[in-house]
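# Observations on the model geometry
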Amino acid sequence: MTRAALLAAGLIFALSACSEAPAGDAVVTVNLDGSPVTQGSSPSPTPSENAGPSACRSVTFETVALTHCIADPATHAITMANLGADKQPFGSLSAFAGSVDPKRIAFAVNGGMYGDDLKPIGYYVQNGERLGELNRAEGDGNFYMKPNGVFFGTGTTWRVLGSNTFFETVGDRPDFGTQSGPLLLIDGKLHPEIQDDGPSKAIRNGVGVDAAGKAHFVISDAPISFGQLARFFRDELKVSTALYLDGQVSSLWDPAKGRQDKGRVGPIIVVTKREKAAAE
């Protein structure tokens, strides 16, 4: 085979690796050699002007660097975003950032599992409109590790519930909601299929709501196991139920610090400043 033919075959192979993903698994961008594109922050030259103090802080847990962001219902609101004005998925935090006033944004993170089309594969509510049905099907991948769960809320009340519990107990449609999986913590205990510190380590993120109603978003800045991430929510943040949002594609936009991670994302959880807080 000629050198040109070899290069062409390699390119076809690499592109096919991008186009196929098991149901429920997030699409991961790959290089032409088939290796994953390294996720990580791509800071803007300077923080957004008049962004105010950051809602995020850097911490270390069991030698792993993490970023911990807090959404406080007293000063923040939460919405979802997926489609732009052209009715197509944003696909990245940078594309979403170009559609909003950064001074209104406290932070934004990738917000749940999605398919090849970048649209949610489970329950999804944006601005009170349900755009995705609750998915309780069986399947392969992290999303289908039962129990999975839903992060949702209306007004200043935000919650994380297992999908079955959500189905059985929540009658009114929330203002926002996104389904992901698995649950990292269930009533203070690790998900039964999660080891204390398993061999699988990746850039990962999750969300949990504490007893005071604050939503805690955690993204690892280095590879972390499911068990480590779950224990951070339980032991450090005192969260009893926490939901895994994604891995590898986990991304954060923090305008106050000029951080805007690269990566392909589907649904986006947007934490905005309430009007009074934004004006100060």
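Structure shown above.
If you're wondering where the values come from, they're calculated on a predicted model, not measured in any experiment.

The next point concerns the pattern of salt bridges. Once the charged atoms of two side chains with opposite charge are near each other, the side chains can pair. Under the criterion given, the structure shown has nine salt bridges. The shortest N-O distance in the salt bridge between K214 and D72 comes to 3.9 Å. Taken together, the positions of K214 in the loop between β12 (204-209) and β13 (215-220) and D72 in the loop between β2 (64-71) and β3 (76-81) put the pair 142 residues apart, joining distant regions of the chain. By relative accessible area, which is 22% here, D72 ends up partly exposed. Note that E133 and R130 form a salt bridge whose closest N and O atoms lie 3.5 Å from each other. Owing to a relative accessible area of 38%, R130 belongs among the partly exposed residues under this scheme. A cluster of three or more residues bridged by salt bridges with shared partners is formed by D221, R259 and D261.

A separate point is the sheet that holds strand β10 (residues 183-186). Spatially, the seven strands line up as an open sheet ordered β1-β2-β13-β12-β14-β10-β11, and their pairing is antiparallel. Where the open sheet ends on each side, the last strands, each with one partner, are β1 (56-61) and β11 (189-190). Two elements, β12 and β13, share five bridges in a ladder whose sense is antiparallel. Note on β13: the bridge partner recorded for G208 is H216.

Right, let's talk about the sheet that holds strand β5 (residues 124-126) for a bit. Taken together, the five strands give an open sheet; going across it, the order is β6-β5-β9-β7-β8, and neighbouring strands pair in antiparallel fashion. Because the sheet does not close on itself, it has two edges, and the strands there are β6 (129-132) and β8 (157-162). Adjacent strand axes in the sheet meet at a mean angle of 20 degrees, parallel and antiparallel pairs treated alike.

A few words now on the side chain of S92. On the secondary structure map, S92 appears in the loop between β3 and α2 (93-97). Using a relative accessible area of 17% as the deciding quantity, one classes S92 as buried. Engagement of the side chain of S92 in a polar contact is seen with the backbone nitrogen of A95, the distance being 3.1 Å. Setting aside chain neighbours within four positions, we find S92 in contact with G263, V265 and I268.

Next up on the list: the state of the cysteines. Applying the stated criterion across every chain, the model contains one disulfide. Sulfur-sulfur distance for the disulfide between C56 and C69 comes to 2.0 Å. One quick way to see it: the torsion about the S-S bond of C56 and C69 is about 105 degrees, and its sign makes the bridge right-handed. Of this pair, C56 sits in strand β1 while C69 sits in strand β2; the two residues are 13 residues apart in sequence, bridging distant segments of the chain. Given a relative accessible area of 6%, C56 falls into the buried group. Classification of C69 as buried rests on a relative accessible area of 1%.

Attention shifts here to the nonpolar core. General note: in soluble globular proteins, nonpolar side chains tend to be found buried as a group. If you look at the biggest cluster of nonpolar residues, it comprises 24 residues, and the most contacted ones within it are I78, F107, F151 and F217. Those residues in contact with I78 that sit more than four places away from it in its chain are A71, F151, W158, F176, A215, F217, I269, V270 and V271. By size, the runner-up hydrophobic cluster in this structure holds 23 residues, among which are F61, M145, I194 and L229.

Basis of the calculations
Residues numbered from 1 in each chain as written. Predicted model: local features only at pLDDT ≥ 70, side-chain atom pairs only at ≥ 80, totals over all residues. Heavy atoms only, no water. Salt bridge = Lys/Arg side-chain N within 4 Å of Asp/Glu carboxyl O. Helix = DSSP H or I, 4+ residues; strand = E, 2+ residues; numbered from the N terminus. Buried < 20%, exposed > 50% of the residue type's maximum accessible area, 1.4 Å probe, protein only. Pairing = 2+ DSSP bridges. Axes fitted to C-alpha atoms, helices over the stretch in contact; angles between N-to-C directions. Polar contact = N/O pair within 3.5 Å; in protein donor to acceptor, adjacent residues only side chain to side chain. Contact = heavy atoms within 4.5 Å. Disulfide = S-S within 2.5 Å. Core = buried A, V, L, I, M, F, W, Y, C linked by side-chain atoms within 4.5 Å.

These values are about where atoms sit, not about what they do.
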